[in-house]
Amino acid sequence: MFGWEFPPHIAGGLGTACHGLTKGLAKHDVDILFVMPSASGDEDQSAVKIVNASDVPFTQTWSDMQTFLNKVDFLKVSSNLVPYIDPQLYTEYAGSKMEKSEFEQFKVKYGSKYKFSGKYGANLMEEVASYAMVAATIASENTFDVIHAHDWLTYAAGIAAKRVSGKPLVIHVHATSFDRGSADNIDTRVYEIERMGMLAADKVITVSNLTRNIVINKYGIDPSKVITVHNAVDFNEFKQVDVQRGVDDKIVTFLGRITFQKGPEYFIEAAAKVLKRYPKARFVMAGNGDLMNRSIRRVAKLGIADRFHFTGFLRGADVKKMFAYSDVYVMPSVSEPFGISPLEAMKSNVPTIISKQSGVAEVLKYAIKVDFWDIDAMADAMYGLLAYPALSQMSMRCGMDEVNELKWENAALKIKDVYSMAIAGE
Amino acid sequence: MDKSLCFYFQVHQPDRLRLYRFFDIGNDSQYFDDFANRTILRRVADRCYLPMNAIILELINKYQGQFKVAYSISGVALEQFEKYAPEVLESFKRLADTKCVEFLAETYSHSLASLISAKEFKAQVKEHAAAIKKHFGVTPKAFRNIELIYSDEIGAAVADMGYNVMLTEGAKHILGWKSPNYVYTNAINPKLKLLLKNFNLSDDIAFRFSDRSNPNWPLTSEKYAQWLNEAGKNDEVINLFMDYETFGEHQRQSTGIFEFMRALPGSVLANTNFKFRTPSEVAQQHQPVAPLHVPFAISWADEERDTSAWIGNELQNEAFHKLYELEKAVMATKDASLISDFRKLQESDHFYYMCTKFFSDGAVHKYFNPYDTPYEAFINYMNALSDFKLRVEKSAVKSAGKAKKASK
């Protein structure tokens, strides 16, 4: 299995999902070799054996090298690829581009190890390419039945491993380029890699039907090999935190990156509507992102800044604290492949409103669902949960039941089936 | 007739807020970063207040009454001196004893109250006058609103409080063809005389002194005296108004600013027919030439010379109005600690940090600014203000409860 991150050192939800999923698979007697670019040694290895790609030298022989280069020719992308880049930065990178043939680069690296950062920095594409080379080495040195690669960063590694070993490849789509940019503004280079991975894969797993549709429609992938396996959530170590709430008012929370994808502006507009009817509420936008300043200006302009608070980016303990503070949780995402945070909110006994444009909406029956753009409906739902205790209590109870049903064990069983199909060539 | 040269220095340090987080609302009502405030005050005291006060005292003694200056020290700065640098307060007292120094009236909290609340404005001016009386034994007679903010109405309100001279900016868009180098009067109440800042000559010292790209660098006291002669050929008064922190802080000691100031009175007295006078003396000495119409508030800040450095963008407007909405409720509580925090939250600096005009006047706005962006300044301020509002509401509920019991 190829991943990019694994708890405890994670930047997003991908590492958490990998952790839960591998634990679930272990219960179904699947042995997993988990390869990641930069392991720090304190990962939970109860369910998997971690392979740190930074420790693996390039050991292909010269002739192999040539054929390997042919095999990985899809990686002819210069290293100026960064997942979230603005035009100015791009010019800087383009200016400093190294004009060295790939073969020479490989020659330099032969026998050496590549020190991966495992982060999402400026050298990302170089890391992705080197990761694929190490993947080939690892594939030739280990025995296994199926290859499983998580998100575009590891697709290249998956393909390389498949070409070296001939084993079937399963690609797991947690997010697509269309979830990162708007529909007409996506990174085409990432798109190409994603598409290449999906085409090369024997099976494609998507985290929701929403994502499955994107994979089929926007990437042109054969529907018969795309299977949805909804994420689950692991709350074994989940503890409610007790907090000293400083305010008596009820609190409505938005928690996530403040970017176009997450729909912060709809939350703000709905908040302004609710405050007109229910002035004793407070709204919190926790997180940061490129729309943060615009959001602050909008809140000031609406004249609700004494009831609408920004916390900035929150870390581990503070996230739990924030949930414990909340009376309503809202995820107004414009596009969300899955969305784990509403589940955390529900586990913390917080009534939850989610947008219909999120993958998690497919598995939650009792959460209140609205279209992200329908701020009237969103305001209605917020008001209802604030003003009518019966509604919020039911939402809490049903939410808790529902979230307890979402187990990685069940998701893992479906994934195991996908493995069997891939191996059988069905 | 003698011409007048009038130096006035603004002395102010704000109470900067600490990083006040959302989770603190309702739990912790300590808003201010005492450590940063103390550290900065100590630094400025060592670089500016103490050495510059020593120079001014030396000059006053040397020229035996011919060299005079005026100060306006905000009440919050006085408080900080008492707490963190009593020797600065002592050195100001020694200056006061020479009788060659005039202390001006202003709002105690360095607030923008004059723009929104006549009541608060008056109360704070009274509070400040009492503080000056307490420390320096004099009652201020001339008025200077913070940052030279002025309009016809503010002027009339100041005249009503019994002041007969006020300082403001010689803003081009107000003066037009008129010269700032005369005494004017308020358009509503002609009893109030106006002294206008000559911003060219003031900024030559305050902003351009160490600018090596300026063709006139280096500036010497002889050269400056010559400029004064040229500028004052037909005019009567030149008002040089600036931040006191210019000396040693904005213009470092290494620029030679202290030597310049040490030499300036000698050059002026020897080569020009200017006499150093304090604002009150200038108003007595010179006849006003005309009323000055200022329908909208002006100030000495930025290129616009208006109040947009503090109130202008939506962040500042929101914070400003949410703060003054509380005025009645705060005053009704009669709670000393609430009123004290209310006044500290009014300090204009909090709003200045939220200014988004970063490109044209960025350098000035960044100085002493604890925040990276105006947005952070706004969030932090609103969090603290939210807590403050909760306290006001709780106090109001309590006193209402008491009133009920009493009536029973």
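Residues numbered from 1 in each chain as written. Chains lettered and ligands numbered in written order. Predicted model: local features only at pLDDT ≥ 70, side-chain atom pairs only at ≥ 80, totals over all residues. Heavy atoms only, no water.

**Some words on the overall build of chain A**
Selection criterion: Counting from the N terminus, the helices are the DSSP runs of H or I reaching at least four residues and the strands are the DSSP runs of E reaching at least two. Think of it in three bands: with a 1.4 Å probe and only protein chains considered, a residue is buried below 20% of the maximum accessible area for its type, exposed above 50%, and partly exposed in between. Any pair of residues with heavy atoms lying within 4.5 Å of one another is described as a contacting pair. For accessible areas, the Shrake-Rupley method is used with a probe of radius 1.4 Å. Any residue's cover is judged against the shown protein chains and nothing else.
Looking only at helices and strands, chain A has 16 helices and 12 strands in total. Residue burial in chain A is summarised as follows: out of 426 residues, 55% are buried. For chain A, restricting intrachain contacts to residue pairs at least 6 apart in sequence, the fraction spanning at least 24 positions comes to 69%. If you sum the accessible surface of chain A, you get close to 18500 Å²; carbon and sulfur atoms cover 50% of it.

**Concerning the overall build of chain B**
Quick note on the threshold: The globule rule is 2.2 Å times the number of residues to the power 0.38, and the radius of gyration it is compared with is taken over C-alpha atoms. His is not counted here, nor are the chain ends, while Lys and Arg score as positive and Asp and Glu score as negative. Here the site of a charge means atom NZ of a Lys, CZ of an Arg, CG of an Asp or CD of a Glu.
In terms of regular secondary structure, chain B is built from 16 helices and 12 strands. Taken over the C-alpha trace, chain B has a radius of gyration of 22 Å; the compact-globule value for 408 residues is 22 Å, and the two agree within 12%. Principal axes of the C-alpha set define a box for chain B whose edges measure 75 × 45 × 40 Å. Across the 408 residues in chain B, those meeting the buried criterion constitute 60%. Put simply, chain B shows about 16700 Å² of open surface, and 52% of that area lies on carbon and sulfur atoms. The average position of the 50 basic charges and that of the 51 acidic charges among the side chains of chain B differ by 5 Å.

**Observations concerning the domain arrangement of chain A**
Residue and element names in this part refer to chain A. Using the following cut-off: All domain edges in this entry derive from an automatic or database-based domain assignment. Accessible area, probed at 1.4 Å, shrinks when two parts are joined; the buried area is that loss added up over both. By definition here, a salt bridge exists when the distance from a side-chain nitrogen of Lys or Arg to a carboxyl oxygen of Asp or Glu is within 4 Å.
Domain boundaries assigned for chain A yield domain 1 (13-232 + 410-424) and domain 2 (250-405). Counting residues at the interface gives 14 residues for domain 1 and 13 residues for domain 2. Between domain 1 and domain 2 lies a buried interface of about 1000 Å² when both sides are counted; carbon and sulfur atoms form 57% of it. It is Asp 179, Leu 210 and His 230 that lose the most area in domain 1 upon contact with domain 2, and together they represent 45% of the buried surface on that side. For the pair domain 1 and domain 2, the interface holds zero salt bridges.

**Description of the interface of chain B and chain A**
Interfaces are often sized by the amount of accessible area the parts lose when they come together. Contact residues are listed per partner, giving 19 residues for chain B and 25 residues for chain A. Summing the contributions of chain B and of chain A, the shared interface buries around 2000 Å²; its carbon and sulfur component is 61%. The largest contributions to the chain B side of the interface with chain A come from Phe 22, Phe 23 and Tyr 375 of chain B, which together make up 34% of the buried area. Where chain B touches chain A, the interface holds three salt bridges.

**Observations regarding the environment of Thr 168 of chain B**
Residues and elements named next belong to chain B. Residue position: Thr 168 is located in strand E5 (residues 165-169). You can call Thr 168 buried: its relative accessible area is 0%. Spatially, the C-alpha atoms of Thr 168 and Leu 195 are 6.2 Å apart, while their sequence positions differ by 27 residues. With sequence-adjacent residues up to four places away left out, Thr 168 is seen in contact with Leu 148, Tyr 150, Leu 195, Leu 196, Lys 197, Phe 241 and Ile 298.

**Remarks on the packing of aromatic side chains**
The relative placement of two aromatic rings is captured by the distance of their centres and the angle of their planes. Applicable threshold: The pairing test for Phe, Tyr and Trp rings, Trp by its six-membered ring, is centres within 6.5 Å, and the orientation test on the planes gives stacked under 30 degrees, edge-to-face over 60, and tilted for anything in between. By the criterion adopted, a ring carries a charge over it if an Arg CZ or a Lys NZ lies within 6 Å of its centre and within 35 degrees of its normal.
Per the stated rule, a full pass over the model turns up 48 aromatic pairs over all chains. Ring geometry for Tyr 71 of chain B and Tyr 244 of chain B: centres 5.0 Å apart, planes at 85 degrees, overall edge-to-face. Highlighted residues: Tyr 71 of chain B in strand E2 (residues 69-73) and Tyr 244 of chain B in the loop between strand E8 (237-243) and strand E9 (247-248), separated in sequence by 173 residues. Taken together, the ring pairs connect Phe 7, Phe 9, Tyr 49, Phe 67, Tyr 71, Phe 81, Phe 92, Phe 103, Phe 136, Tyr 244, Phe 247 and Phe 276 of chain B into an aromatic cluster. The ring of Phe 23 of chain B has Lys 321 of chain A lying over it, and the distance from NZ or CZ to the ring centre is 4.6 Å. Sitting over the ring of Phe 199 of chain B, Arg 305 of chain B keeps its end group 4.6 Å from the ring centre.

**What about the nonpolar core?**
Put simply, the test is: The nonpolar core is taken to be a set of buried Ala, Val, Leu, Ile, Met, Phe, Trp, Tyr and Cys residues, with the residues joined through side-chain atoms within 4.5 Å.
Formed by 170 residues in total, the largest nonpolar core has its most connected members in Phe 283, Phe 308, Met 322, Leu 343 and Met 382 of chain A together with Tyr 381 and Phe 388 of chain B. Considering each element in turn, this core owes the most residues, 11 residues, to helix H16 (residues 374-407) of chain B. Setting aside chain neighbours within four positions, we find Met 382 of chain A in contact with Val 252, Phe 267, Ala 270, Ala 271, Val 274, Phe 283, Val 330 and Ile 353 of chain A. Ranked by size, the runner-up nonpolar core spans 58 residues in total, among them Ile 55, Ile 73, Phe 81 and Leu 95 of chain B.

**Comments concerning the confidence of the model for chain B**
To keep things clear, this is the line we draw: Each residue gets a pLDDT score, which is the predictor's confidence in that residue and runs from 0 to 100.
Residues at a pLDDT of 70 or more form 96% of chain B, whose mean pLDDT is 92. For this predicted complex, the interface confidence score (ipTM) comes to 0.82, while the overall pTM stands at 0.83.

**Describing the sheet that holds strand E3 (residues 147-150) of chain A**
All names here are of chain A. Short version of the rule: Think of it this way: DSSP has to see at least two bridges between two strands before they count as a pair. Only the stretch in contact is used when fitting a helix axis, every axis being a line fitted to C-alpha atoms; angles between N-to-C directions are given from 0 to 180 degrees.
Read from one edge of the open sheet, four strands run E3-E4-E5-E6, paired in parallel fashion. Where the open sheet ends on each side, the last strands, each with one partner, are E3 and strand E6 (226-228). Within the sheet, the average angular offset between the axes of one strand and its neighbour, ignoring direction, is 25 degrees. In this sheet, E6 lies alongside strand E5 (residues 203-206) in parallel orientation, the contact comprising three bridges. Bridge pairing in E6 links Ile 205 to Ile 227. Docked against the sheet, helix H9 (residues 209-219) engages strand E4 (169-173), E5 and E6, running at close to 165 degrees with respect to E6.

**Topic: the domain arrangement of chain B**
Residues and elements named next belong to chain B. Let me state the cut-off plainly: Whenever a nitrogen or oxygen atom comes within 3.5 Å of another N or O atom, the pair is scored as a polar contact, on the condition that within protein one atom can donate a hydrogen and the other can accept it, and that pairs from neighbouring residues in sequence are kept only if both atoms are in side chains. Each residue gets one label: Ala, Val, Leu, Ile, Met, Phe, Trp, Tyr, Cys and Pro are nonpolar, Asp, Glu, Lys and Arg are charged, and the others, such as Gly, are polar.
Here chain B is described as being made up of domain 1 (3-292) and domain 2 (314-407). Taken together, the contact pairs 43 residues of domain 1 with 31 residues of domain 2. Here domain 1 meets domain 2 over a buried area of about 2800 Å², counting both sides, of which 58% is carbon and sulfur. If you look at where domain 1 meets domain 2, you find three salt bridges. Joining domain 1 to domain 2, the criterion identifies 17 residue pairs in polar contact (both at pLDDT 80 or more). Where the side of domain 1 that touches domain 2 is concerned, the elements lending two or more residues are helix H1 (34-63), helix H2 (75-84) and helix H4 (118-136). For the side of domain 1 that touches domain 2, the leading source of residues is H4, giving five residues. For the side of domain 1 that touches domain 2, the class distribution of residues is 17 nonpolar, 11 polar and 15 charged.

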